[in-house]
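Chain and residue survey
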Amino acid sequence: MKKFYAVLMTTILLGLMGFVLVGGFFKYKNSVRAGQEKPVTSKHLQQLTYTRDGIKFVNHEPAEKVDSLPSVEKTAIQKQLDKNKFSGTCLLVKNGKIIYLQAFGNANNTTGKLNQINSVYPINSIQKGLTAYLIMQLIQEHRLNFTDKIGKFYPKIPGGQTVTIRDMLNMCSGYQLPKQMNYLASDEGVLKYNLSHLKYSSQQLGKFNYQEVNFTLLAGVVTKLTGTSYEKLIKQKIIDKLNLTNTGFMYLNNPQQPIGYNFNNNQWQAQKIKQYEISREFGASNIYMSVWDLYQSLAALRNGTLLSSQSKAELYQTTSKDPYVAGMYPLTQFNRIHGIGFGFESSVAMSSTGQDAVVLLTNHWNSKAAIQTTLTSQLYQIINQRF
């Protein structure tokens with residue numbers, strides 16, 4: 001009899017464990033469908049500490065402020081930061097080395113909590129460059145071509161037999177999304193909405209028109225060809241490969257992320273982010289990073305770490321008709337890379353080799369005084385003219 005009860009109890013316990021595990025799986029699966037899971041980030045590192053160029057790093061992230069600027073340059077840099085009332089984190093890199101890393105202003109205007117050098121911010125549209133990299137990987141693997149028509153992947157899309165992958169990368173496809181979705185959906189749901197609501201103008205084909213729908217559809221192409229989720233690909237191909245420890249997909253109430261503010265009616269107004277506003281940015285604008293992680297990822301696209309010289313030349317091939325290419329604006333002096341949203345602005349000026357850079361992430365966005373139009377280029381000129 002005792003043996004019978006022992007067997008019975010073991011059977012019951014195994015059944016309960018199975019129920020919990022299966023229930024947990026479906027709960028997770030449903031949360032993924034709803035876009036509510038926490039971000040995919042690199043695996044936790046147990047306090048890996050080392051020194052690089054005289055700077056202490058913990059888990060591949062700078063652990064201390066840096067200011068190795070000569071006094072004249074320091075004064076010029078500080079003057080521009082003060083003039084623009086910069087609030088956020090500023091990273092300056094020269095010849096691949098950090099020469100300046102400082103944080104300014106409030107992460108929370110109500111509590112007075114300050115921004116930190118390792119604070120994370122939505123990088124917004126800079127994410128499009130990462131999506132472009134995933135596309136380039138498929139081209140390198142001969143699974144995709146720049147000349148492939150988008151209709152190959154979305155058979156019912158208007159203009160599908162004319163618009164190419166290159167057109168999508170360069171924002172000259174003729175597609176636009178007049179109205180953004182205002183409800184929570186999975187990545188597949190976001191794609192479905194975009195495909196059923198986009199408009200196509202053959203007259204605009206070949207003409208630059210900034211429309212996020214291009215990169216949402218490109219992210220869909222990547223997932224279709226690989227059979228792998230976009231988040232998992234970003235983790236495998238970028239986050240883990242580059243040891244990015246302050247990078248992930250946005251979620252509500254991230255304690256490491258400052259509050260975003262827009263300047264309206266002569267005052268700073270906190271922005272309340274809704275979950276559907278995050279999920280609808282699939283492939284385009286829902287990743288967060290620290291300034292150091294952002295620098296590393298963008299530099300890796302230019303210094304041979306992620307792209308060969310040939311692949312880099314092919315991806316960023318430009319003509320006089322292409323002000324925008326695969327996630328960036330190629331200027332004569334530097335590559336301009338930019339994004340805004342959720343009360344944040346991300347602005348980068350980077351050399352074509354990734355060796356020199358200004359990386360600015362702010363949680364106070366003023367549409368009438370965007371840092372991309374003034375501060376970023378001014379700081380880049382200072383570190384290149386005087387060093």
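Things to note about the overall build of the protein
Scanning the protein from N- to C-terminus turns up 11 helices and 18 strands. Put simply, of all contacts in the protein between residues at least 6 apart along the chain, 69% involve residues at least 24 apart. As displayed, the protein offers around 18700 Å² of accessible surface, 52% of which is attributable to carbon and sulfur atoms.

A closer look at the packing of aromatic side chains
Applying the stated criterion across every chain, the model contains 15 aromatic pairs. On the basis of an interplanar angle of 70° and a centroid distance of 6.1 Å, the ring pair of Phe-86 and Phe-104 is categorised as edge-to-face. Of the two residues, Phe-86 sits in the loop between α2 (71-83) and β5 (88-94) while Phe-104 sits in strand β6 (residues 97-104), which places them 18 residues apart along the sequence. Residue Phe-86 shares its accessibility class with Phe-104, and that shared class is buried. Look at Tyr-324 and Tyr-329: their rings are 5.1 Å apart centre to centre, the planes differ by 75°, and that puts the pair in the edge-to-face class.

Observations regarding the pairing of strand β15 (residues 335-341)
Most of β15 is tucked away, with five of its seven residues classed as buried. Pairing of strand β14 (residues 329-330) with β15, which is carried by two bridges, proceeds in the antiparallel orientation. Looking across to β15, one finds that Pro-330 is bridged to Asn-335. As defined by bridge partners, β15 adjoins strand β16 (residues 344-350) across seven bridges and the pair is classed as antiparallel. Bridge pairing in β16 links Arg-336 to Ala-349. Between the antiparallel neighbours β15 and β16 lie two residues, among them Phe-342 with a positive phi of about 65°.

With respect to the sheet that holds strand β11 (residues 261-264)
Across the sheet, which stays open at both edges, the three strands sit in the order β12-β11-β18 with mixed pairing between neighbours. Edge positions in the sheet fall to β12 (267-270) and β18 (364-365), since each has one partner strand and no second. Where β11 meets β12, four bridges bridge the pair, whose relative direction is antiparallel. For Asn-262, the partnering residue across the bridge sits in β12 and is Gln-269.

A short note on the pattern of salt bridges
Per the stated rule, a full pass over the model turns up six salt bridges. Between Lys-128 and Glu-212 there is a salt bridge, with its nearest N and O atoms 3.0 Å apart. Of this pair, Lys-128 sits in helix α3 (residues 127-140) while Glu-212 is found in the loop between β9 (199-200) and α6 (213-226), placing the two residues 84 residues apart along the sequence. Note on Lys-128: relative accessible area 0%, which makes it buried. For Glu-212, a relative accessible area of 22% gives the class partly exposed. Two residues, Lys-152 and Asp-148, come together in a salt bridge whose shortest N-O distance is 3.6 Å. Residue classification places Asp-148 among the buried positions, given a relative accessible area of 11%.

Considerations on the sheet that holds strand β10 (residues 247-249)
Ordered in space as β7-β13-β10, the three strands form an open sheet in which the pairing is antiparallel. Across the chains shown, the open sheet's two edge strands, defined by having one partner strand only, are β7 (121-122) and β10. Strand direction decides the pairing type here: β10 and strand β13 (residues 287-289), joined by three bridges, are antiparallel. Across the sheet, Gly-248 pairs through a bridge with Tyr-288, a residue of β13.

What about the confidence of the model for the protein?
Averaged over all residues, the pLDDT of the protein equals 89, while 88% of them reach at least 70. In the predicted structure, residues 16-43 sits below a pLDDT of 50 and forms 34 contacts with residues beyond four places in sequence or in another chain.

Some details on helix α7 (residues 230-239)
Tyr-230, Glu-231, Leu-233, Ile-234, Ile-238 and Ile-239 are the residues of α7 that are buried. Buried residues of α7 fall within an arc of 160° about the axis and therefore sit on the same side. The inward-facing, buried residues of α7 contact α3, α6, β10 and β13.

A word on the packing of α2 against helix α11 (residues 375-385)
Interaxial distance between α2 and α11 falls to 10 Å at its minimum, and their mutual angle equals 175°. Viewed along their axes, α2 and α11 adopt a mutual orientation that is roughly antiparallel. Where α2 abuts α11, its residues Glu-73, Ala-76, Ile-77, Gln-80 and Leu-81 lie against Leu-375, Gln-378, Leu-379, Ile-382 and Ile-383. Its residues assigned to classes, the contact of α2 with α11 comprises seven nonpolar, two polar and one charged.

Quick word on the environment of Pro-258
Mapping Pro-258 onto the fold places it in the loop between β10 and β11. Put simply, Pro-258 and Asn-363 are 105 residues apart on the chain and 6.6 Å apart in space, counted from C-alpha to C-alpha. Excluding residues that lie within four positions of it along the chain, Pro-258 makes contacts with Ala-107, Asn-115, Ser-119, Val-120, Tyr-121, Phe-344 and Asn-363.

Let's talk about the pairing of strand β17 (residues 357-362)
Residues in a regular strand project their side chains so that they alternate between the two faces of the sheet. Counting buried positions over the six residues of β17 gives six, a clear majority of the element. Two elements, β5 and β17, share six bridges in a ladder whose sense is antiparallel. Bridge pairing links Thr-89 to Leu-361 in β17. The pairing of β16 with β17 spans six bridges and is antiparallel. By the bridge assignment for β17, Met-350 is matched with Ala-357. Hairpin connection between β16 and β17: a loop of six residues separates the two successive antiparallel strands, and Gly-354 in this loop has a positive phi of roughly 80°.

Reading the values: the criteria
- Residues numbered from 1 in each chain as written.
- Predicted model: local features only at pLDDT ≥ 70, side-chain atom pairs only at ≥ 80, totals over all residues.
- Heavy atoms only, no water.
- Helix = DSSP H or I, 4+ residues; strand = E, 2+ residues; numbered from the N terminus.
- Contact = heavy atoms within 4.5 Å.
- Areas by Shrake-Rupley, 256 points an atom, 1.4 Å probe, with all protein chains shown as cover.
- Phe/Tyr/Trp six-rings, centres within 6.5 Å; stacked < 30°, edge-to-face > 60°.
- Buried < 20%, exposed > 50% of the residue type's maximum accessible area, 1.4 Å probe, protein only.
- Pairing = 2+ DSSP bridges.
- Salt bridge = Lys/Arg side-chain N within 4 Å of Asp/Glu carboxyl O.
- pLDDT = per-residue confidence, 0-100.
- Arc of directions from axis to C-beta.
- Axes fitted to C-alpha atoms, helices over the stretch in contact; angles between N-to-C directions.
- Parallel < 35°, antiparallel > 145°, perpendicular 65-115°, else oblique.
- Nonpolar A, V, L, I, M, F, W, Y, C, P; charged D, E, K, R; others polar.

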